[in-house]
Amino acid sequence: MSYLSGLECPRCGEKYDALVLQNLCSCGSPLLARYDLAAIGKAVVPQEFSHREPTLWRYRELLPVDGDPVTLGEGWTPLLPVPRYGGHIGLPNLLVKDEGLIPTGSFKARGAAVGVARARELGATHIKMPTNGNAGAAWATYAARAGMKATIAMPLAAPTITRQECLAAGAELRLVEGLIGDAAKAIADLEGVFDASTLKEPYRLEGKKTMGLEIVEQLGWRVPDVILYPTGGGVGLIGIHKALDEMRQLGWIGARGPRLVAVQSTGCAPIVRAFQQGERRATPWLDAKTVAFGITVPSPLGDELILDALYSSGGTAVAVDDDEILADLRDFGAREGLMLCPEGAACLTAARKLRATGWLSPHDEVVVLNTGSGLKYPGTV
Ligand SMILES: *Cc1c(COP(=O)(O)O)cnc(C)c1O
Ligand SMILES: [Zn+2]
């Protein structure tokens, strides 16, 4: 049984019924899922999770799904100490959470598994979404697993493998010239189909928040000092922040939180620009372009929520160059053996720079999210 109590708008406070399919608040903000945390606190203690299955469904009480999960075994990815690379950049306590081991090869599977399961139990039979590749691949895959139809639109420049994944899962694929916003226009006409675009439905975020739960459980119900996250739509960052907040309210962790860092490419850095100017909202980035395709989001819908997570956690935002991302990807692989995705490598570049400026200290325990498998981007090395 789910402890979901409703949906709430973080901007205007409006409440929405969680028992029917919902998209955005009437004010335009994404909606957040709220739970009966008092009841969850009585039903489960953190130590109990260690006896459960090694997937994100181990956190059932903090997920919105009532009935059967839709699963391919996603979640519970390794949190790897990387002392050789970490020592080299002056961060001996560096850890990489490797989301490359997840079905579909990216952490998008977390959001897709939970989002599809919830959409199905609320009556959706067909979903649509624009994507930079990995989200479409994951939602197409989980829609097939759930017996649902999917229509996916993506830029022609998205990684080829993600197109092939959509087709392999039997989805209808629309390829468009341009960026993710142009892909959105290509499916706008499709009526009567549930819109599962980034943050336009509230449950993808719930799937992605399990990264935060896992990091804390894997450290023995303790938080690291800093988490670096490659930020596109920002769902993972907002999700980790939300998970930390829920664990804090449950008394499972203390008041001190990790500082959250949004990492972007200098080719598309709307959040970094807004953060540096102390703004609460971001303005669209023109002419976005980067090798870290998963973070090419010129105008993220969750900008307010991302910036709030950075400000309230005492974090920061950093933009890094493509050539440095690629150099760090190779350097890391040679020292640790793991082939990161460019988005994950961007976080190493950011960690290196933050150490050099003194924002990170040698004692800091720093977690970097490698959001996908390097094997999905064979052209980067
Ligand atoms: C989508 C994606 C990101 C960005 O994720 P958000 O949660 O939308 O910010 C980062 N890395 C990879 C590999 C992705 O596919
Ligand atoms: Zn609202």
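Residues numbered from 1 in each chain as written. Chains lettered and ligands numbered in written order. Predicted model: local features only at pLDDT ≥ 70, side-chain atom pairs only at ≥ 80, totals over all residues. Heavy atoms only, no water.

In the vicinity of ligand 1, 17 residues are found, and the nearest of them are K108, Y229, G232, G234 and T371. K208 places a polar side-chain atom, nitrogen or oxygen, 3.2 Å from an oxygen atom of ligand 1. A distance of 3.1 Å separates an oxygen atom of ligand 1 from a polar backbone atom of G233. When ligand 1 sits alone it has 380 Å² of accessible area, and the protein chains cover 96% of it. Every element with two or more residues in the shell around ligand 1 is listed here: β10 (226-230) and α9 (235-249). (Near = heavy atom within 4 Å. Polar contact = N/O pair within 3.5 Å; in protein donor to acceptor, adjacent residues only side chain to side chain. Areas by Shrake-Rupley, 256 points an atom, 1.4 Å probe, with all protein chains shown as cover. Helix = DSSP H or I, 4+ residues; strand = E, 2+ residues; numbered from the N terminus.)

Attention shifts here to the sheet that holds strand β5 (residues 94-98). The six strands lie next to each other as β4-β5-β13-β10-β11-β12, forming an open sheet whose pairing is mixed. The sheet terminates laterally at β4 (79-81) and β12 (316-320), the two strands that pair on one side only. Ignoring strand direction, the axes of neighbouring strands in this sheet form an average angle of 25°. The sheet contact formed by β10 and strand β13 (residues 366-370) spans three bridges and is parallel. In the strand pairing of β13, L228 is matched with V368. On top of the sheet, α9 reaches β10, β11 (259-265) and β13; it is set at about 175° to β11, its chief contact. (Pairing = 2+ DSSP bridges. Axes fitted to C-alpha atoms, helices over the stretch in contact; angles between N-to-C directions. Contact = heavy atoms within 4.5 Å.)

Structurally, the chain comprises domain 1 (4-62) and domain 2 (75-381). On a C-alpha basis, the centroid separation for the pair domain 1 and domain 2 is 20 Å. Among the residues domain 1 hides against domain 2, the three largest losses belong to L21, L56 and Y59. Together they make up 22% of the total. The interface formed by domain 1 and domain 2 holds two salt bridges in total. A salt bridge links R11 to E304; the shortest N-O distance between them is 2.8 Å. In this assembly, domain 1 and domain 2 are joined by nine residue pairs in polar contact (both at pLDDT 80 or more). Taken together, the residues that form the side of domain 1 that touches domain 2 break down as 23 nonpolar, six polar and three charged. (Domains from an automatic or database assignment. Buried area = accessible area lost by both parts, 1.4 Å probe. Salt bridge = Lys/Arg side-chain N within 4 Å of Asp/Glu carboxyl O. Nonpolar A, V, L, I, M, F, W, Y, C, P; charged D, E, K, R; others polar.)

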